[in-house]
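Examination of the molecular architecture
Here's the letter readout for the chains.
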Amino acid sequence: MDFRFSEEQQAAVEAARAVFGGVAADAVPSPSLVAGAVADDFDRALWQSLAGADLLSLLLTEEFGGAGLDAIALCLVLRESAKVLARVPLLESCAAAAALQAYGSGELRGEVLRRTGTGELVLTVAAHGRTGHDPAELAVTASRDGDRWVLDGIQTAVPWAHNADFVLVPARTSADRTVLALVPRAPDGVGLAEQISTAGERLGELRLDSVRLPDRYVLDADGAWPWLRDLLTVGTCAQALGLGTAVLGMTSDYTGKRVQFGHPLATFQAVAVQAADRYIDLRAMEATLWQAAWRISTGAGGALPASGDVAVAKIWASEGVRRVVQTAQHLHGGFGADTDYPLHRYHAWAKHLELSLGPAAAHEEMLGDLLAAHQLA
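Model, not experiment: these values are computed from the prediction. (Residues numbered from 1 in each chain as written. Predicted model: local features only at pLDDT ≥ 70, side-chain atom pairs only at ≥ 80, totals over all residues. Heavy atoms only, no water.)

1. Focus on the overall build of the protein chain
Quick note on the threshold: Starting at the N terminus, helices and strands are each numbered in turn, a helix being any DSSP run of H or I of at least four residues and a strand any DSSP run of E of at least two. Radius of gyration: over C-alpha atoms. The globule rule applied is 2.2 Å multiplied by the number of residues raised to the 0.38 power. Note on contacts: a residue pair qualifies if any of its non-hydrogen atoms lie within 4.5 Å across the two residues. Using a 1.4 Å probe, the Shrake-Rupley method yields the accessible areas, and only the shown protein chains count as cover for residues. Here Asp and Glu are counted as negative and Lys and Arg as positive; His is not counted, and neither are the chain ends. Taken as the charge centre is NZ of Lys, CZ of Arg, CG of Asp or CD of Glu, depending on the residue.
The number of helices and strands found in the protein chain is ten helices and ten strands. In terms of C-alpha radius of gyration, the protein chain reaches 21 Å, essentially the compact-globule figure of 21 Å for 377 residues. Along the first, second and third principal axes, the C-alpha atoms of the protein chain reach 80 × 55 × 40 Å. Once local pairs closer than 6 in sequence are excluded, the contacts in the protein chain between residues at least 24 apart make up 74%. Accessible surface for the protein chain amounts to roughly 16300 Å². Of this, 52% is attributable to carbon and sulfur atoms. In the protein chain, 30 side chains carry a positive charge and 45 a negative one; their mean positions are 2 Å apart.

2. Some points on the packing of aromatic side chains
This is how it is decided: Only centres within 6.5 Å qualify two rings of Phe, Tyr or Trp (six-membered ring in Trp) as a pair; their planes then separate them into stacked at under 30 degrees, edge-to-face at over 60, and tilted for everything else. Think of it in three bands: with a 1.4 Å probe and only protein chains considered, a residue is buried below 20% of the maximum accessible area for its type, exposed above 50%, and partly exposed in between. Each ring is checked for a lysine NZ or an arginine CZ that lies within 6 Å of its centre and within 35 degrees of its normal; such an atom marks a charge sitting over the ring.
Across all of its chains, the model carries seven aromatic pairs by this definition. Judged by centre distance (5.2 Å) and plane angle (75 degrees), the rings of F5 and W290 are edge-to-face. One end of the pair, F5, is in the segment before α1 (7-20); the other, W290, is in helix α7 (residues 269-298), with 285 residues separating them in the sequence. Judged by its relative accessible area of 29%, F5 falls in the partly exposed class. Ring centres 5.6 Å apart and planes at 15 degrees place the aromatic pair Y254 and F335 in the stacked group. Highlighted residues: Y254 in helix α6 (residues 224-257) and F335 in the loop between α8 (306-332) and α9 (343-355), separated in sequence by 81 residues. Feature note: the residues F42, W47 and W160 constitute an aromatic cluster, connected by ring pairs. The ring of Y279 has R283 lying over it, and the distance from NZ or CZ to the ring centre is 4.8 Å.

3. A look at the environment of V150
Within the secondary structure layout, V150 lies in strand β3 (residues 148-159). Take V150: its relative accessible area is 12%, and that puts it in the buried class. In contact with V150, other than residues within four places in its own chain, are T141, A142, S143, D145, S210, V211 and R212.

4. A short note on the pattern of salt bridges
As a reminder of what qualifies: We count a salt bridge whenever a side-chain nitrogen from Lys or Arg sits within 4 Å of a carboxyl oxygen from Asp or Glu.
Tallying each qualifying case throughout the model produces 25 salt bridges. Between R216 and E107 there is a salt bridge, and its shortest N-O distance comes to 3.9 Å. One end of the pair, R216, is in the loop between β7 (202-214) and β8 (218-219); the other, E107, is in helix α5 (residues 106-117), and 109 residues separate them in sequence. By relative accessible area, R216 is classed as partly exposed at 30%. Among the ionic pairs, D176 bridges to R172, the shortest N-O distance being 3.0 Å. Under the relative-accessibility criterion, R172 is labelled partly exposed at 23%.

The values are spatial; any link to function lies outside them.
In structure tokens, the structure reads:
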């Protein structure tokens, strides 16, 4: 088997590195020093740079001005974005656009996708449910009323909700089916309250009160939400991998230069062993991520459905990124908590990624259910 990335995927990485190379992780106030959000909007200048490099249209086909690449390519770019804590809705907008392309009507695709690929429209996804713990598809109900759909319910912690043009919302019908509704930011019946993430970013509590949408704005194909949820999850794992890689690099650089008792910290056995353990975490996070992304990209079969590999990747990402940043804080000593040094920002982002779309325990439970339902050969 050939485990190398394709030329197109490698080109996407190089383009991402060129765009993210000039991004500073501390370009906004520290979340430790402000009471509210670190900024009112995401990094619009960076967003336009991503659009100019064709990185917002990676998953779109040529028909809509895209490169027609897969989840692996998106994860490679997301990994680079997380190394610098890029403040853009790259995962959410690309994933939502991919779902619209795969499951939306021709009319909706023509209306939205090309403008999304150029950065003109920004999409996000409501994926956390009413409380952040219950399934997102159960938090909102969808019912038909003639040629319209009517939505009612609450979705919490919607990323970039205050700045996106559309929110893609999973909802449950009376027939116990899940649909995806593309909700404009400010129609009648939509309310948005501010919430703040551990990283200091603005989230939104989205309230839908008899919101009426035209039929073309609702994706009712079977499997659309599970597919989108898996794509969002592997994208989150890619961000955790990129963040962890950057933090381990910072730790290596610091312990190699910091001298104690006449020797660099990195030469002490206890320090080296802890760093080695975190390197093993990153390699496990990487292997499980690419396995899950490959399953999603190719539709290849396996002993379990692709969601099983996604669950394994999220378990490793959640626990691995937590251990990496905790060890980094320990090895940096008090310097790691200094708000003039960026490590504390990575710690805050890591906590958000660890819990996003379900912590390790939730995915362990999901994996256990899959194992119980599928007899392994």
